[in-house]
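Structural overview
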Amino acid sequence: ERAQAGGLVPEGVLLAVGPADPQVIAALANRAEDYVFLAMDNCPHQAVLWGTSEAIAQAEQQLRRQGTVCQKLPFSRAYHTPLFAPVCDELEAFYANATFTKPEIPLSSCVTAARVSDDPETIRHLALEHWASPVRFRETVESLYADGARIFVEVGPAANLTAFVTDILRTKD
């Protein structure tokens, strides 16, 4: 809240798009002189972009012409983009004082899309970095599957992640 009140967090638009062709999304984000970022790569049928109102309007127009479904989300903060780094700076002291321990089971991160070290300091760093890094959920699930995971359990009020996992692994056991 301090970072936002201090004008350190840019306001913009989060746009869910699908199907989310990674090449099309990358092309939009790579011409980001007007701030279009891939914030979340959820599954083959959904990615979330963040950008300025003008940049997202242009991206949405282009995506709709290609047959992509687009839906603006009710959030405006630059979550999971490099522009959210000032919030990480605000949270650094909190994370420094939080207790992180060696996990008892292997841990994967949507920052790295892979298993991570069981070193608590590495985990602390990734937890903080997650705020300003794209969510690589699709790649993380694929990595978990390649490592032998076959059961995915979602705990929470909705089944969004379950639907994403189903979409990612739809042709696999």
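Look above for the structure.
Residues numbered from 1 in each chain as written. Predicted model: local features only at pLDDT ≥ 70, side-chain atom pairs only at ≥ 80, totals over all residues. Heavy atoms only, no water.

On to the nonpolar core. Phe137, Val141, Ile168 and Leu169 are the most contacted members of the largest nonpolar core, which has 18 residues in total. Those elements that provide at least two residues to this core are strand E1 (13-18), strand E2 (36-43), strand E3 (46-51), helix H6 (137-146) and helix H7 (160-168). No other element matches E2, which puts four residues into this core. For Ile168, the contacting residues outside a window of four places in its chain are Asn42, Cys43, Pro44, Phe137, Arg138, Val141 and Glu142. Listed in part, the 14 residues of the second largest apolar core include Ala20, Ala55, Ile56 and Cys70. (Core = buried A, V, L, I, M, F, W, Y, C linked by side-chain atoms within 4.5 Å. Buried < 20%, exposed > 50% of the residue type's maximum accessible area, 1.4 Å probe, protein only. Helix = DSSP H or I, 4+ residues; strand = E, 2+ residues; numbered from the N terminus. Contact = heavy atoms within 4.5 Å.)

Quick look at helix H5 (residues 120-129) now. Turning to H5, its buried residues are Ile123, Arg124, Leu126 and Leu128. Close packing links the buried residues of H5 with helix H4 (85-97) and strand E5 (108-109).

This next bit is on the packing of H4 against H5. For the pair H4 and H5, interaxial distance at closest approach is 10 Å and the crossing angle is 150°. Classified by the interaxial angle, the pair formed by H4 and H5 is roughly antiparallel. Every pair of crossing elements has a handedness; the one defined by H4 and H5 is right-handed. On the side of H4, the interface is formed by Cys88, Leu91, Glu92, Tyr95 and Ala96, while H5 contributes Arg124, Ala127 and Leu128. A breakdown of the residues in the contact of H4 with H5 according to their chemical character gives six nonpolar, no polar and two charged. (Axes fitted to C-alpha atoms, helices over the stretch in contact; angles between N-to-C directions. Parallel < 35°, antiparallel > 145°, perpendicular 65-115°, else oblique. Left-handed = near helix turned anticlockwise from the far one by under 90°. Nonpolar A, V, L, I, M, F, W, Y, C, P; charged D, E, K, R; others polar.)

What follows deals with the packing of aromatic side chains. Following the criterion strictly, the structure yields seven aromatic pairs and no others. An angle of 85° between the planes, with centres 5.7 Å apart, marks the rings of Phe94 and Tyr95 as edge-to-face. With relative accessibility at 56%, the residue Phe94 sits in the exposed group. The buried category is assigned to Tyr95, whose relative accessible area is 12%. Pairwise contacts between aromatic rings join Tyr35, Phe37 and Trp50 into one cluster. Above the ring of Tyr145, the side-chain terminus of Arg150 is found at 3.6 Å from the ring centroid. Between Lys172 and the ring centre of Tyr145, over which it is positioned, the NZ or CZ distance is 5.8 Å. (Phe/Tyr/Trp six-rings, centres within 6.5 Å; stacked < 30°, edge-to-face > 60°. Lys NZ or Arg CZ within 6 Å of the ring centre and 35° of its normal.)

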